[in-house]
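# Reading the structure
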Amino acid sequence: MDPRSEVLLRQAELFQGPLLVAGAPADGLLGQLPQAQAWTWHAGDQGMLESRYAGRSHYGVEPPEVAFDSAVLFLPKSRELAAYLLNALASRLGGRDLYLVGEKRGGIEGAARQLQAFGKPRKLDSARHCQLWQVTIAQAPEAKPLASLAERFELALEDGPLHVVSLPGVFSHGRLDRGTALLLKHLDGLPSGHVLDFGCGAGVLGATVKRRYPQSRVTLLDVDAFAVAASRLTLAANGLEGEVISGDGIDAAPTELSLILSNPPFHSGVHTNYQASENLLKKSAIHLRKGGEMRLVANSFLRYQPLIEGALGNCQVRDEADGFRIYRATRG
């Protein structure tokens, strides 16, 4: 079991009434707390929890409209996202308890100071490098609309500025990351047809391709509900149309694609997790039509070329700079 859940369950007697567990890891926590419901923004966790505890898990960027007497937040990696989530939960808990659980290396001690905005926080437990904090909400704050926390910036591209809308918790929030910047330089001569922006984040790649190749159908896919919401805002900010979907990895993607573009993720919270990226590479041939192409950027130290060659039979490195490589491969 996840160590954060273990620390939480050591204090299970605290949770006698309806409890909302926000950002719960996929480890059967709801099985240990039958009075609890979950709120998650991770499509993979939602699928797992819904299959095991039908009707008790809720997916999205806002707290579900269900009754709860207390809530516990599993600390996310992003401080901005933690602030939004704590505010959203506290706005529903006037006079009641809000809990925060997380790992020391994930910044739980610093994050606990964010609880001071709602009352006097106290540490309830500490074990296995994790801590559990509690605060009674003295006065429920007004919920901050998620859109008010968006970071908006422009990218100076050859065909004009691209307006990007990023939300808390989205990869490279509020700025263009170096990997995507390098891949943006290699979008020449793309095949027309159905394009997938895998792990779309704020939708930079998908929006750029749709504007440059307006005849193409573009689908943007991400496991994170905040990324899905940000991508929709980015498309709208540029007057572009595209399909934005949430799903747990490449298995959720359409087939018969002409092109897969990606700056694939390899982090889950503070942990390294290559599964989604490796599944993308290994299963790319299933989703590409014959003659379809994959172009992606990845850190130079990642050994992706053998995986791409194993799936598609070919792979070339088009560029290498700033610690990143651009890969190109075609399904024969």
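Here goes a summary of the coordinates provided.

Parameters at a glance
Residues numbered from 1 in each chain as written. Predicted model: local features only at pLDDT ≥ 70, side-chain atom pairs only at ≥ 80, totals over all residues. Heavy atoms only, no water. Helix = DSSP H or I, 4+ residues; strand = E, 2+ residues; numbered from the N terminus. Rg over C-alpha atoms; globule rule 2.2 N^0.38 Å. Buried < 20%, exposed > 50% of the residue type's maximum accessible area, 1.4 Å probe, protein only. Contact = heavy atoms within 4.5 Å. Phe/Tyr/Trp six-rings, centres within 6.5 Å; stacked < 30°, edge-to-face > 60°. Polar contact = N/O pair within 3.5 Å; in protein donor to acceptor, adjacent residues only side chain to side chain. Salt bridge = Lys/Arg side-chain N within 4 Å of Asp/Glu carboxyl O. Pairing = 2+ DSSP bridges. Axes fitted to C-alpha atoms, helices over the stretch in contact; angles between N-to-C directions. Core = buried A, V, L, I, M, F, W, Y, C linked by side-chain atoms within 4.5 Å. Expected span 1.5 Å × (residues − 1). Bend = angle between axes of the 7 residues up to and from the residue.

Helix and strand content of the chain: 10 helices and 18 strands. The C-alpha radius of gyration computed for the chain amounts to 21 Å, which stays within 12% of the reference 20 Å derived for 332 residues, consistent with globular compactness. When the backbone C-alpha atoms are referred to their principal axes, the chain occupies close to 60 × 40 × 35 Å. Residues counted as buried form 53% of the 332 residues belonging to the chain. Sequence separation of 24 or more characterises 63% of the internal contacts of the chain that already satisfy a separation of 6 or more.

Enumeration over the complete set of coordinates arrives at 4 aromatic pairs. Judged by centre distance (5.0 Å) and plane angle (80°), the rings of phenylalanine 15 and tyrosine 99 are edge-to-face. Of the two residues, phenylalanine 15 is situated in the loop between helix H1 (3-9) and strand E1 (19-22) and tyrosine 99 in strand E5 (residues 97-103); the sequence distance between them amounts to 84 residues. Residue classification places tyrosine 99 among the buried residues on the basis of a relative accessible area of 3%. Put simply, the rings of Trp39, Trp41, Tyr84 and Phe226 touch in pairs and so form one group of aromatic residues.

Glancing now at the side chain of aspartate 2. The topology assignment puts aspartate 2 in the segment before H1. Within polar-contact distance, the side chain of aspartate 2 engages the backbone nitrogen of arginine 4 at 2.7 Å.

Where charged atoms of side chains with opposite charge meet at close range, the side chains can pair. In the structure shown here, the tally under the stated rule is 13 salt bridges. Across the pair aspartate 125 and arginine 10 runs a salt bridge whose closest N-O atoms are separated by 2.8 Å. Of this pair, aspartate 125 sits in strand E6 (residues 122-127) while arginine 10 sits in the loop between H1 and E1, placing them 115 residues apart in sequence. Salt-bridge contacts for arginine 325 lead to glutamate 320; the nearest nitrogen and oxygen are separated by 3.3 Å.

One open sheet accounts for 7 strands, arranged E3-E2-E1-E4-E5-E7-E6; its pairing is mixed. The sheet terminates laterally at strand E3 (57-59) and E6, the two strands that pair on one side only. If you compare each strand with its neighbour and ignore which way they point, the axes differ by 20° on average. Alignment of strand E4 (residues 70-74) against E5, held across 5 bridges, turns out to be parallel. When the sheet's bridge partners are listed, leucine 73 is paired in E5 with leucine 100. Across the sheet, helix H3 (residues 43-52) lies against strand E2 (36-40) and E3, angled at about 155° from E3, the strand it touches most. On top of the sheet, helix H4 (residues 79-90) reaches E1, E2, E4 and E5; it is set at about 175° to E4, its chief contact.

On to the nonpolar core, then. In terms of nonpolar packing, the biggest core is built from 66 residues, with Trp41, Leu98, Leu100 and Phe226 touching the most fellow members. The dominant element in this core, judged by the number of residues it contributes, is H4, at 7 residues. The residues contacting leucine 98, other than those within four sequence positions of it, are Ala71, Leu86, Leu89, Ala90, Leu93, Leu115, Trp133, Gln134, Val135 and Ile137.

If you check the backbone angles, serine 172 has positive phi at about 55° while not being a glycine. Here serine 172 is to be found in the loop between strand E9 (160-166) and helix H6 (178-183). Here glutamate 256, not a glycine, exhibits a phi torsion of approximately 60°, which is positive. Along the chain, glutamate 256 turns up in the loop between strand E12 (243-246) and strand E13 (257-262). Residue classification places glutamate 256 among the exposed residues on the basis of a relative accessible area of 54%.

Counted at 1.5 Å a residue, the expected span for helix H9 (residues 275-287) with its 13 residues is 18 Å, and the 17 Å between its end C-alpha atoms agrees. Considering bend angle alone, the principal kink of H9 is centred on leucine 281 and spans about 40°. Among the residues of H9, Ser277, Leu280, Leu281, Ser284 and His287 are the ones counted as buried. Where H9 is buried, its residues contact strand E10 (194-198), E13, strand E16 (288-299) and helix H10 (305-312).

Bringing the side chain of serine 70 into the picture now. Along the chain, serine 70 turns up in strand E4. Serine 70 has contacts with Phe15, Pro18, Leu19, Leu20, Leu93, Asp97 and Tyr99, leaving out every residue within four places of it along the chain.

Spatially, the 7 strands line up as an open sheet ordered E12-E11-E10-E13-E16-E18-E17, and their pairing is mixed. The open sheet terminates on both sides in strands that have one partner only, identified here as E12 and strand E17 (316-321). Strand-to-strand, the axes of this sheet are offset by a mean angle of 15°, without reference to chain direction. Bridging between strand E11 (residues 217-222) and E12 involves 4 bridges; their strand directions are parallel. Note on E12: the bridge partner recorded for leucine 220 is valine 244. Set on the sheet, H9 makes contact with E10, E13 and E16; between it and E16 the angle comes to about 160°.

The values reported here are purely geometric and, on their own, carry no functional implication.
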